[in-house]
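Chain and residue survey
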Amino acid sequence: MASQTTTTPFGQVSARRKAVNGAMTVLIYGAFALALIPLLWLSATVVSRGVDRFMVDGNGDEKFNLDFLNQSMRGIFGGMPEGGIAHAIAGTLSITLAATLISVPIGLLAAVYLVEYGKGTLKRAVTFLVDVMTGIPSIVAGLFAYAVFAVVVGPGTKLGIVGAVALSLLMIPVVVRATEEMLKLVPNELREASYALGVPKWLTILKVVIRTAAAGITTGVTLAIARVIGETAPLLIAVGVADSYNLNLFDGRMMTLPVYIVSEWRKGDQPCNNPEIACVPEITEYRAWAAALVLILIVMALNLVARLVSKYFSPKTGR
Amino acid sequence: MSKRIDVNNLNVFYGDFLAVEDVSLAIESKSVTAFIGPSGCGKSTFLRTLNRMHEVIPGARVEGEVLMDGTNLYGPGVDPVAVRRHVGMVFQRPNPFPTMSIAENVVAGVKLNNKRMSKSDVADLVESSLRGANLWEEVKDRLDKPGSSLSGGQQQRLCIARAIAIKPDVLLMDEPCSALDPISTLAIEDLIHELKSEYTIVIVTHNMQQAARVSDRTAFFNIAGTGKPGKLIEMDDTTTIFSAPAEKATEDYISGRFG
C-alpha cells in the first residue's frame, strides 16, 4: 500500500537524502573556501608588501619606479634606498636553465628506458632509486653537489654550475616520474601502427611516442622547474651570495632570488643617523618582499608559457 | 607488387606457451584469404607472424618458416623492420596518429622513416593513397585537419590508405570492420574487392558472412580448449568451406553449432 505522501509511482526524495545532500554541499563548498583562504591571503600579502620597494625612489621619496628590476646590490649598504635584484634574476634564470638542460635529457632518457626498454631487476632498481631521490631533502642535494665539487675542483668551490647540479638532483626524479606516466599513457596501438609501417623502434619512440606525449612532458618539466626555482638552502651552500652581476656559471659566486630574499631579510632594519643622506630603515624588508613578488611572477609566467607550449603540442581533436 | 606466401610447419609461442601449433598453408597472390574461428584460437596471433609483428610482444617467438615468394621471412639476416615495409597491416581499431593531420597520417610511413620527398611527390602520394582507399572525395578539402576528426569508418580507411602508401606486397587486416557500423563495413568490403587486383590480402574476421562475401579462400582455425594451442583445421575455397566443408568442426562452427 502506498503511503500518503506518495504522489507519483516513484515516490519522493526522502527527507534523509535531502538533508545529507544539503550537508554534503555545505561541506564541499566549505572545504573549497577553506583551501582558497591561504592562497588568496598569501597572494594578497606578497603583492601588498611587495610593492613597497617599487614606491621608493633613489632619494628615498615616495614615487613609483622600476629601478629595483635593473639595479644590482653593488655598492649598496646601510639604509640606501637603491639596490635591486637584476643580478639575482639573472642568476636564478641562468642556474635554473642550466639545471633544466642537465636534468631534462637525463630524466627523459631514463623514463624512455623505464617504459620502452627496461625489464626485470634493473628496471625495478631504477624505479626504486628514482623514488628514493624524490625524497632527498634539498639541503642534502646542495651539500652533495658542494662536496663533489670540493673533491673534484678544490675545497670551497662555489659556482653557479654547482648550484645547477644540486637543483638537477632535485629535478631529475620529478622529470622521470612525470615523463614515465605520460609515456605510459600513449596507447600501444600507436606504437604498433608505427611498427607495422616499417618504422624502427627508435624512430617510433622519438617521433610517435614522445611526440604524442610531448604536451604532458612539457607540463611535467614545468612543474619540476617550479619545484626547484624557489630552492634556497642548496643554492646558499653551493653558489653562495654575490652583490653584482655574474652570468658565468663557471666562474665565481652568483646571487639568486631565494637567497637574495634570505640575505636581505637577515640584515634587518638599518640605522639612519645622518639626515643628509637618503635613508629608509625598512628598505631591506621592502627588498625581500619585492623579490618574493618577482619570484612568484616568474613562476606564474613559466606556468603560462608551459600551458601555451603544451596546447601547441597536444593531439588535435575536433573537426 | 603482390606476392604469395607459403607457411610451413609454423609454431607460435608466447614465452613457453604454445599459442598456435603446426600451421602449414599457402596464400595465393592477388587474392583475398580469410581466417575464421572462435575467439582465442590464434587467428590474429598467426596473422601477426606474417609481418613479424608478433615478436614486438616480449617473449614471443616462432618456429618454422614463412616463405614470401620463396624467401624465408624468419631466415637469418632478415630485418623485421624491412619485412613490415613489404607486408602492411590494418588493425582492429582505427589508430590514426593523433598528432598528425589527415595528409600527414597518409604519408606517415615515409615521414617517420626520415625519407625526404618533394612537396609534389607527397601531394601525389597522399592523393593516390586516399583514392586507393576510397577516401579522397570525402577528405580532399580538409587534408590538414587532424586524423581523429574523421568518423570511425573514415579513420579505418585512412589507416588503409596509410598502409598502402608504403606500397606493400601484402596487406594484413586484423578484424578491420569489428569496430564499424554496417555502412562503413560495406565501404571497407568494397575497398577490399578493389585492392585485390593489386595486393595479396589476408583478413581475420569474426563475421562469417563477411568472410563469405570478400574472400576467395578461407582458413578455419579452432582450439581444443583453454590452455591448448590453436590449430588450422582446414583451408579451402570459400565456396567449398561454406557449402561442403571436409571437417565436422568446420561445419559445426559455420552453422553455429560449436563448442
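Residues numbered from 1 in each chain as written. Chains lettered and ligands numbered in written order. Predicted model: local features only at pLDDT ≥ 70, side-chain atom pairs only at ≥ 80, totals over all residues.

1. Looking at the overall build of chain A
A count of helical and extended segments in chain A gives 11 helices and zero strands. Reading chain A from its N end, one meets helices and strands in the order α-α-α-α-α-α-α-α-α-α-α. For a compact globule of 319 residues, the expected C-alpha radius of gyration is about 20 Å, and chain A comes in at 27 Å, more than 25% above that figure. Put simply, chain A has 319 residues, and 37% of those count as buried. For chain A, contacts bridging at least 24 residues in sequence account for 73% of all contacts bridging at least 6. (Helix = DSSP H or I, 4+ residues; strand = E, 2+ residues; numbered from the N terminus. Rg over C-alpha atoms; globule rule 2.2 N^0.38 Å. Buried ≥ 20, exposed ≤ 12 C-beta atoms within 10 Å, placed from the backbone. Contact = placed C-beta atoms within 7 Å.)

2. A closer look at the overall build of chain B
Helix and strand counts for chain B come out as 11 helices and 10 strands. Taking 259 residues into account, the globule formula puts the C-alpha radius of gyration at 18 Å, and chain B, at 18 Å, falls close to it. Expressed as lengths along the three principal axes of its C-alpha atoms, the size of chain B is roughly 55 × 45 × 30 Å. For chain B, with 259 residues in total, the buried portion stands at 47%. Pairs at least 24 apart in sequence give 69% of the contacts found in chain B among residues at least 6 apart.

3. Topic: the confidence of the model for chain B
Interpretation of the predicted coordinates at a detailed level should be avoided for regions scoring low in pLDDT. Here chain B averages 90 in pLDDT, and 98% of its residues register 70 or above. Both scores are given for the predicted complex: the pTM is 0.86, the ipTM 0.90. (pLDDT = per-residue confidence, 0-100.)

4. Section: the nonpolar core
Counting 148 residues, the largest nonpolar core has V162 and A291 of chain A together with L171 of chain B as the members making the most contacts within it. Setting aside its immediate chain neighbours within four residues, A291 of chain A contacts I85, A88, L257, Y260, I261 and E264 of chain A. (Core = buried A, V, L, I, M, F, W, Y, C linked by C-beta atoms within 7 Å.)

5. A short note on the pairing of strand β3 (residues 32-36) of chain B
All names here are of chain B. The element β3 is largely enclosed, with a buried count of five among its five residues. Residues V32, A34 and I36 of β3 are buried on one face, and the alternating residues T33 and F35, pointing to the opposite face, are buried as well. Two elements, β3 and strand β8 (residues 200-204), share four bridges in a ladder whose sense is parallel. Each residue of the ladder has a partner; that of F35, found in β8, is V204. The pairing of β3 with strand β9 (residues 217-223) spans four bridges and is classified as parallel. Residue pairing in the sheet places I36 in a bridge with F220 of β9. (Pairing = 2+ DSSP bridges.)

6. Details of the environment of M100 of chain B
Residues and elements named next belong to chain B. Along the chain, the position of M100 falls in the loop between β6 (87-90) and α3 (102-106). Accessibility expressed as a C-beta count within 10 Å gives 24 for M100, which makes it buried. Linking M100 and K145, residues 45 residues apart in sequence, is a C-alpha distance of 8.4 Å. Beyond its immediate stretch of four places on either side in the chain, M100 contacts N105, A108 and G147.

7. Details of the packing of helix α5 (residues 138-152) of chain A against helix α6 (residues 160-185) of chain A
All names here are of chain A. Where α5 meets α6, the closest approach of the two axes is 8 Å, and the angle between their N-to-C directions is 135°. The angle between α5 and α6 places the two elements in the oblique class. Here α5 and α6 pass one another in a crossing that is right-handed. Here α5 contributes S138, A141, G142, F144, A145, Y146 and F149 to the contact with α6, which in turn contributes V162, V165, A166, L169 and L170. Taken together, the residues of the contact of α5 with α6 break down into 10 nonpolar, two polar and no charged. (Axes fitted to C-alpha atoms, helices over the stretch in contact; angles between N-to-C directions. Parallel < 35°, antiparallel > 145°, perpendicular 65-115°, else oblique. Left-handed = near helix turned anticlockwise from the far one by under 90°. Nonpolar A, V, L, I, M, F, W, Y, C, P; charged D, E, K, R; others polar.)

8. Observations regarding the sheet that holds strand β7 (residues 170-174) of chain B
Residue and element names in this part refer to chain B. Strand order across the open sheet formed by 10 strands is β5-β4-β1-β2-β10-β9-β3-β8-β7-β6, with mixed pairing between neighbours. The sheet terminates laterally at β5 (71-72) and β6, the two strands that pair on one side only. Two elements, strand β1 (residues 5-14) and strand β4 (residues 60-68), share eight bridges in a ladder whose sense is antiparallel. Pairing of N11 across the sheet is with E63, part of β4.

9. What about the environment of S244 of chain A?
Residue and element names in this part refer to chain A. Note on placement: S244 falls in the loop between α9 (233-238) and α10 (257-267). C-beta crowding within 10 Å serves as the criterion here: with 14 such atoms nearby, S244 is assigned to the partly exposed category. As a C-alpha pair, S244 and Y117 span 127 residues in sequence and 47 Å in three-dimensional space. Leaving out residues up to four positions away in the same chain, S244 has contacts with S72, R74 and H87.

10. Thoughts on the packing of helix α5 (residues 119-132) of chain B against helix α7 (residues 152-165) of chain B
Residues and elements named next belong to chain B. Here α5 crosses α7 at 125°, and the two axes come no closer than 8 Å. The orientation of α5 relative to α7 falls into the category oblique. Between α5 and α7 lies a crossing whose hand is right-handed. Every residue of α7 that contacts α5 at L125, S129, L130 and G132 is listed here: A161, I164 and A165. In the contact of α5 with α7, the residues fall into five nonpolar, two polar and no charged.

11. Some thoughts on α7 of chain B
Residues three or four positions apart in an α-helix share a direction because the helix packs 3.6 residues into each turn. Residue and element names in this part refer to chain B. With 14 residues, α7 should cover 20 Å at 1.5 Å per step; its first-to-last C-alpha distance of 20 Å lies within 8% of that length. Of all 14 residues in α7, 13 are buried, a share of seventy percent or more. Trailing α7 by a residue or two, K167 shows a phi angle of about 50°, which is positive. (Expected span 1.5 Å × (residues − 1).)

12. So, helix α11 (residues 283-313) of chain A
All names here are of chain A. Counted at 1.5 Å a residue, the expected span for α11 with its 31 residues is 45 Å, and the 45 Å between its end C-alpha atoms agrees. Among all positions of α11, only I283, T284, Y286, R287, A288, W289, A290, A291, A292, L293, V294 and L295 are buried. In this structure, the buried residues of α11 make contact with α1 (15-50), α2 (67-70), α3 (86-117) and α10.

13. Looking at the interface of chain B and chain A
A common way to express how large an interface is: the accessible area buried when the components associate. With 27 residues of chain B at the interface, the matching set in chain A holds 22 residues. The set of elements that each furnish at least two residues to the side of chain B that touches chain A consists of α2 (80-86), β6 and α4 (108-111) of chain B. Per element, the largest residue contribution to the side of chain B that touches chain A is four residues, and it comes from α2 of chain B.

14. Re the pairing of β4 of chain B
Residue and element names in this part refer to chain B. Two elements, β4 and β5, share two bridges in a ladder whose sense is antiparallel. Following the sheet pairing, M68 is matched in β5 by T71. Hairpin connection, β4 to β5: the antiparallel pair is bridged by two residues, and D69 has positive phi, about 45°.

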